[in-house]
Amino acid sequence: MTDANSAENPWPVRTVNTKIADWIHRLGQIWVEGQITQINRRPGTRVAFLTLRDPAADISISVTCSPDLLYRTEVPLTEGSRVVMLGRPTYFTGRGTVSLRVTDIRPVGIGELLLRIERLRQLLTAEGLFDARLKRPLPFLPRSIGLISGRSSAAQRDVMTVAADRWDAVRFVVRDAPVQGPTAVPRILTHLSELDAEPDVEVIIIARGGGSVEDLLPFSDEALLRAVAACRTPVISAIGHEPDTPLLDLVADLRAATPTDAAKRVVPDVGAELEGIDELRRRSAHALRNWVRREQHVVDGLRARPVLARPLTMLDAHAETIDRMRRDLRRDIRRHIDAEDRRRDHLSARLATLGPAQTLARGYALVQRTDVSPAHVVGSVAEMPAGAQLRIRVSDGSAAAQVAAAQAPRQAESTNAKKG
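Within any chain, residue numbers begin from 1 and follow the written order of that chain's sequence. The model is predicted, so local features are restricted to residues of pLDDT at least 70 and side-chain atom pairs to those at 80 or more, both for listing and for counting; the totals for chains, interfaces and linings are taken over all residues. As a convention, hydrogens and water are excluded, and side-chain values are obtained from all of the structure's heavy atoms.

A. How the structure looks around the overall build of the chain. Counting secondary structure elements, the chain contains 13 helices and 14 strands. The C-alpha radius of gyration of the chain comes to 63 Å, more than 25% above the 22 Å expected for a compact globule of 420 residues. The C-alpha extent of the chain, read off along each of the three principal axes, is 190 × 85 × 40 Å. Counting over 420 residues, the chain shows a buried share of 29%. Note on conventions: DSSP H or I runs of at least 4 residues are helices, E runs of at least 2 residues are strands, and numbering of each starts at the N terminus. The globule rule used for comparison is 2.2 Å times the number of residues to the exponent 0.38, while the radius of gyration itself is calculated over C-alpha atoms. The buried label applies to any residue whose accessible area, calculated with a 1.4 Å probe on protein chains only, is under 20% of its type's maximum; exposed applies above 50%, and partly exposed to all values in between.

B. Broad picture of helix H6 (residues 222–230). Turning to H6, its buried residues number three or more, namely Leu224, Leu225 and Val228. Projected down its long axis, H6 shows its buried positions confined to an angular sector of 100 degrees, all on one face. For the purposes of these results, a polar contact is taken to be a pair of N or O atoms within 3.5 Å, where, inside protein, one atom must be able to donate a hydrogen and its partner to accept one; residues adjacent in sequence count only when each atom of the pair is a side-chain atom. Capping the start of H6, Asp221 holds a side-chain oxygen 2.9 Å from the backbone nitrogen of Ala223, two or three residues further along. Each C-beta atom gives one direction from the helix axis, and the arc is the one those directions make.

C. Layout of the nonpolar core. Nonpolar core, defined: a set of buried Ala, Val, Leu, Ile, Met, Phe, Trp, Tyr and Cys residues in which side-chain atoms within 4.5 Å join the residues together. If you look at the biggest cluster of nonpolar residues, it comprises 30 residues, and the most contacted ones within it are Ile148, Leu192, Phe219, Val228 and Leu248. Put simply, the parts of the chain that give this core at least two residues each are helix H3 (110–127), helix H5 (184–197), strand S8 (201–207), H6 and helix H7 (248–251). When checking whether two residues touch, look at their non-hydrogen atoms; a contact exists if any pair is within 4.5 Å. Residues in contact with Leu248, not counting those within four places in the same chain, are Ile206, Phe219, Leu225, Val228, Ser237 and Ile239. Counting residues in hydrophobic clusters, the runner-up holds 20 residues, among them Ile145, Ala155, Val162 and Ala238.

D. Spatial organisation of the packing of helix H4 (residues 154–166) against helix H8 (residues 259–266). Relative orientation of the contacting elements H4 and H8 amounts to 30 degrees, with a least axis distance of 8 Å. Relative to H8, H4 is oriented roughly parallel. By crossing handedness, the relation of H4 to H8 is classed as right-handed. For the pair H4 and H8, the contacting residues are Ala155, Asp158, Val159, Val162, Ala163 and Arg166 in the first and Pro259, Thr260, Ala263 and Lys264 in the second. Lines are fitted to the C-alpha atoms to define the axes, a helix being fitted only along its stretch in contact, and any angle between axes, read from their N-to-C directions, falls within 0 to 180 degrees. Roughly parallel covers angles under 35 degrees, roughly antiparallel covers those over 145, roughly perpendicular covers 65 to 115, and oblique covers all other angles. By convention, the crossing between two helices is left-handed when the near helix turns anticlockwise from the far helix through less than a right angle, and right-handed when the turn is clockwise.

E. Main features of the pairing of strand S13 (residues 389–394). We treat two strands as partners when DSSP finds at least two bridges between them. Sheet topology places strand S11 (residues 366–369) next to S13; four bridges connect them, and they run antiparallel. Bridging across to S13, Val367 finds its partner in Ile392. The turn linking S13 back onto strand S14 (residues 397–402) is made up of two residues.

F. Inspection of the pairing of S8 at higher detail. Of all seven residues making up S8, seven are buried, and the element is well covered by its neighbours. Where S8 and strand S9 (residues 235–238) come together, four bridges link them in parallel fashion. Its bridge partner lying in S9, Ile206 is registered against Ser237. When the strands point away from the viewer, a crossover counts as right-handed if the path from the first strand over the helix to the second runs clockwise. Handedness of the S8-H6-S9 crossover: right-handed.

G. Quick look at the environment of Pro76. For Pro76, the position within the fold is in the loop between helix H2 (67–71) and strand S4 (82–92). Along the primary structure Pro76 and Arg119 are separated by 43 residues, whereas in three dimensions their C-alpha atoms are 26 Å apart.

H. Up close: the sheet that holds S8. Read across the sheet, five strands follow the order S7-S6-S8-S9-S10 without closing on themselves; strand pairing throughout is parallel. Whereas interior strands pair on both sides, the edge strands pair on one side only; in this sheet they are strand S7 (172–176) and strand S10 (254–255). In terms of strand pairing, S9 meets S10 through two bridges, oriented parallel. The residue of S10 that forms the bridge with Ser237 is Arg255.

I. Expanded view of unusual backbone geometry. Between Ser373 and the following residue, Pro374, the backbone shows a cis peptide bond with an omega angle of 0 degrees. Position of Pro374 among the secondary structure elements: in the loop between S11 and strand S12 (376–377). The phi dihedral of Ser152 is positive, around 55 degrees, even though this residue is not glycine. In this structure, Ser152 sits in the loop between strand S6 (144–149) and H4. Residue classification places Ser152 among the exposed positions, given a relative accessible area of 54%.

J. Quick look at a nonpolar patch on the surface. On the surface, Val298, Leu302, Val307, Leu308 and Met314 cluster together into a nonpolar patch covering about 430 Å² of accessible area. Listing elements by their share of the nonpolar patch, those giving two or more residues are helix H9 (270–304) and helix H10 (306–309). Residue position: Val307 is located in helix H10. Given a relative accessible area of 43%, Val307 falls into the partly exposed group. Two joining distances apply to patches: 9 Å for like charges and 5 Å for nonpolar side chains (Val, Leu, Ile, Met, Phe, Trp, Tyr), and every residue must have over 30% relative accessible area and no salt bridge. Areas reported here follow the Shrake-Rupley algorithm with a probe of radius 1.4 Å; residue values treat only the protein chains shown as occluding. Each salt bridge in this description consists of a side-chain nitrogen of Lys or Arg and a carboxyl oxygen of Asp or Glu lying within 4 Å of one another.

K. Structural detail: the environment of Arg391. Relative to the assigned elements, Arg391 resides in strand S13. Taking the C-alpha atoms as reference, Arg391 lies 9.2 Å from Val377; in sequence the two are 14 residues apart. Beyond its immediate chain neighbours, meaning those up to four positions away, Arg391 contacts Leu366, Val367, Gln368, Thr370, Ser398, Ala399 and Ala400. A distance of 2.5 Å separates a polar atom in the side chain of Arg391 from a polar atom in the side chain of Gln368.

L. Examining H5 more closely. Expected helix span is given by 1.5 Å per residue-to-residue step, counting one fewer step than there are residues. In this model, H5 (14 residues) spans 20 Å end to end at C-alpha, consistent with the 20 Å of a helix rising 1.5 Å per residue. Against strand S2 (48–53), S6, S7, S8, H6 and S9 lie the buried residues of H5.

Dropping the structure here:
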């Protein structure tokens, strides 16, 4: 028994069960809180069998006790009661099962339940599950509405009847579930997951027609609250209980006072909507007519203005101005051209007076030496040696000549004689 466990030295089942029993028995007496889901009291027996479930999870344990213990409790115990038990866990090696042998059962009072709900509310508030910014808007006209309620309950009938009266084409996907007791939360969680995964379901209503604080405990269950907060589909809480608000009202996207109110919030009244559309059409037509009337008045006012009544008047005034400016421009141009013509004639006369033709006409001649290259005009006697070929140009023609001898001007000879 003390040898190490291995593939070559496995423990038999009895050894494993014995070791498990030793570990479990070491727990001793413990206090356990839960919800009673089953009570089995057989007449003539000395043992009563119960099933204790964790309200926040789908986990339970078998409980045994004396039948007298059930009768001695201050509050009668029924399925769904929240209790605190004192007992010792026992492991039965023959069957491999665990049971809790209890010696004391204390019902959880209403005050304590409300205190625990308040603690859970504070915890979830600190986590932000009730934040208004997380609330999802409801669709205006959902394709399908998911409904979780009791089978054939008044809440279910109210929701569906009111919705059908407001819009006869409304479509519901109904899921029946217990709305109180130990099995309520697991069933509601299952249906909530199914409806949230349905693509056509655009909003989910969880409905119940009110009840006592104990009856409404499932709607303050932490597992349900977290599941609603995690839903992608908007969820409406329609528990219909005003004095003590279950926490589902706080975490849901919308709280309805009653199941009937939930139906009115989700399904629009088709008759009222059509009347509203007709009223909007009338108001729009009236506003459009008023706008056309105002704009027509503005257009008439513009047409009555002189500039639009006789639009060519302004153009005529400008046309006269343009004609006057055109005449002035032509007069100035002619005056400028005449002045330039006179100036041209004057310059031409001066040019003719100073030109070589006029000089030749006065009796002067132009002598040009032609036997050299290039030919050039002679300006002095030194440039006309004897034998030089000349061309003499006068006013009416020219003649060729040859220098016989060069002779200095007489003025120069007389000047030299004076000097001598």
